[in-house]
Amino acid sequence: MSQTKGAEETGAVGNLLKNKPMLIGYARVSTTEQNLDLQLDALRKAGCTDTNIFTDKITGTKQEQPGLNDALSHLRPGDTFVVWRLDRLARSLTNLILHCAKNRKKVNVINSLWES
């Protein structure tokens, strides 16, 4: 039987949960006037938990995307990176390839809910 210590679980169950592949979600809109709700709902329906969904309200042409950086930093080998549409991750094919190449050791799958 495992014990709960603060927010962390210890014991055999806690060790299994640490190694279980996770769904890491990412949503982005281009302006602060736009709404993330449609993307967030789709990510939740796909199985992403709120603690594993990261967001940006920034144009995709900007180099700095703090939400994307946070999402990518949470990825572990075997995790699935989930986006509503591929254009939420990258504005160009070149940029998408760069993201995939940079994170290929961590991510087995990029799941686009729209293009699936």
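What comes next is a walk through the structure. Along each chain, residues carry numbers from 1 onward, in the same order as the chain's sequence is written. Local features in a predicted model are, by the rule used here, given only for residues with pLDDT of at least 70; side-chain atom pairs are given and counted only at 80 or more, and totals for whole chains, interfaces and linings are based on all residues. Only heavy atoms go into the side-chain values, all of them from the structure, while hydrogens and water stay out.

## Some thoughts on the pattern of salt bridges
Think of a salt bridge as a Lys or Arg side-chain nitrogen and an Asp or Glu carboxyl oxygen that are within 4 Å of each other. Using the criterion set out here, one finds five salt bridges in the structure. The partner of R44 in a salt bridge is D50, with the nearest N and O atoms 2.6 Å apart. The class of R44 is partly exposed, set by a relative accessible area of 39%. A salt bridge links D87 to R85, with the nearest nitrogen and oxygen atoms 3.4 Å apart. A residue is classified by how much of its surface remains accessible, and D87, at 25% relative accessible area, is partly exposed. Three or more residues are tied together by salt bridges with common partners; here these are D41, R44 and D50. To sort residues, take the accessible area from a 1.4 Å probe on protein chains only and compare it with the maximum for the residue type: under 20% means buried, over 50% means exposed, and anything in between is partly exposed.

## Quick notes on helix α3 (residues 66-74)
Burial in α3 covers these residues: G67, L68, A71 and L72. The buried residues of α3 occupy an angular sector of 130 degrees when the element is viewed end-on, so they sit on one face. Of the surrounding secondary structure, the elements contacted by the buried residues of α3 are β3 (23-29), β4 (53-57), β5 (79-83), α4 (86-89) and α5 (93-102). Only DSSP runs of H or I reaching four residues or more are called helices, and only runs of E reaching two or more are called strands; each is numbered from the N terminus. What the arc describes is the spread of directions from the helix axis to the C-beta atoms. Whether two residues touch is decided by their heavy atoms; if any such pair falls within 4.5 Å, the residues are in contact.

## Considerations on the side chain of Q39
Structurally, Q39 can be placed in helix α2 (residues 37-45). The buried category is assigned to Q39, whose relative accessible area is 4%. Setting aside anything within four residues of it in sequence, one finds Q39 in contact with A27, R28, V29, W84 and R88.

## With respect to the side chain of D56
Examined against the element boundaries, D56 turns out to sit in strand β4. Think of it this way: Lys and Arg go in the positive column, Asp and Glu in the negative one, and His and the chain ends go nowhere. Put simply, D56 is tucked away with no salt bridge, and the nearest opposite charge, on R28, sits 6.4 Å away. N or O atoms within 3.5 Å of each other form a polar contact, as long as, within protein, one can give a hydrogen and the other can take it, and as long as residues adjacent in sequence are counted only when both atoms are side-chain atoms. In terms of polar contacts, D56 uses its side chain to reach the backbone amide nitrogen of L68, at 3.1 Å.

That is the geometry; function is a separate question.
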